[in-house]
Amino acid sequence: MRASIPPAPLAIAAITDSDIEPVVALWQRCGLTRPWNNPHADIALARRRDNSTVLLGRDNGAIVATIMVGHDGHRGWVYYVAVDPDSQKRGYGRVIMAAAEDWLRAAGILKLQLLVRRENAQANAFYQSLGYEESTSVMFQKWLDGRAMTPSN
């Protein structure tokens, strides 16, 4: 069994207007953006209400980790969990996930859920290492703007 690496310290704060472009660039670099999801619109939506935000982790001022976190009043959700490829394997993923968990706890939310593509073995292993378990629930989806479903969206 591998020895546990203590998470590196990061300065955690909510996204600001000047952070938007560097954050979108990081998400693109990490392969998190999809043609059907506008990351600028996703950030704007997360910042619009008190039940969601985008948290950033900075190392010496540089944005090295992000997470979009929110809740519906019952369950918390995270999206856009990213660690800069040049800064991976330093514990930043654990730190940014802990920040989202703390944010949800402060809001009185006791359960966190997230979606991971089945073929993303690295992400699945990461979340399992943090104590997350695969749910027995089945996810259903529907585009409310009328677009057709494709296998990847």
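These numbers were taken from a predicted model, which means no experiment stands behind them.

1. Thoughts on helix 3 (residues 92-106)
Every α-helix carries 3.6 residues per turn, so stepping three or four residues along brings you back to the same face. Helix length check: helix 3, at 15 residues, gives a terminal C-alpha distance of 21 Å against a target of 21 Å (1.5 Å per residue), a fit within 8%. For helix 3, the set of buried residues is Tyr 92, Gly 93, Val 95, Ile 96, Met 97, Ala 99, Ala 100 and Leu 104. Buried residues belonging to helix 3 abut strand 1 (11-14), strand 2 (52-59), strand 3 (62-71), strand 4 (76-83), strand 5 (112-114) and helix 4 (121-129). One or two steps after helix 3, the chain reaches Gly 108, where phi turns positive at roughly 85°.

2. A short note on the nonpolar core
Of all hydrophobic cores here, the largest spans 21 residues; its most connected members are Ile 67, Val 78 and Met 97. By residue number, the principal contributor to this core is helix 3, which donates seven residues.

3. Points about the sheet that holds strand 1
Paired through backbone hydrogen bonds, the strands of a sheet run either parallel or antiparallel to each other. Pairing is mixed in the open sheet, where five strands are placed in the order 1-2-3-4-5. Looking at strand neighbours, the two that pair on one side only are strand 1 and strand 5, the edges of this open sheet. Each strand of the sheet is rotated relative to its neighbour by a mean of 30°, with strand direction disregarded. In this sheet, strand 2 lies alongside strand 1 in antiparallel orientation, the contact comprising four bridges. Paired with Ala 14 across the strands is Leu 55, a residue of strand 2. Strands strand 2, strand 3 and strand 4 of the sheet are contacted by helix 1 (residues 20-29), whose axis makes an angle of about 90° with strand 3. Of the strands in this sheet, strand 1, strand 2, strand 3, strand 4 and strand 5 are in contact with helix 3, which crosses strand 3 at around 35°.

4. Considering the environment of Asn 37
Here Asn 37 shows up in the loop between helix 1 and helix 2 (39-48). Beyond its immediate chain neighbours, meaning those up to four positions away, Asn 37 contacts Asp 42, Tyr 80 and Trp 143.

5. Here's the deal with helix 2
Restricting attention to buried positions, one finds in helix 2 the residues Pro 39, Ile 43 and Ala 46. Relative to the axis of helix 2, the buried residues are bounded by an arc of 65° and lie together on one face. The elements touched by buried residues of helix 2 are helix 1, strand 2, strand 3 and strand 4. Sitting at the head of helix 2, Asn 38 places a side-chain oxygen 2.8 Å from the backbone nitrogen of His 40.

Rules of the game
Residues numbered from 1 in each chain as written. Predicted model: local features only at pLDDT ≥ 70, side-chain atom pairs only at ≥ 80, totals over all residues. Heavy atoms only, no water. Helix = DSSP H or I, 4+ residues; strand = E, 2+ residues; numbered from the N terminus. Expected span 1.5 Å × (residues − 1). Buried < 20%, exposed > 50% of the residue type's maximum accessible area, 1.4 Å probe, protein only. Contact = heavy atoms within 4.5 Å. Core = buried A, V, L, I, M, F, W, Y, C linked by side-chain atoms within 4.5 Å. Pairing = 2+ DSSP bridges. Axes fitted to C-alpha atoms, helices over the stretch in contact; angles between N-to-C directions. Arc of directions from axis to C-beta. Polar contact = N/O pair within 3.5 Å; in protein donor to acceptor, adjacent residues only side chain to side chain.

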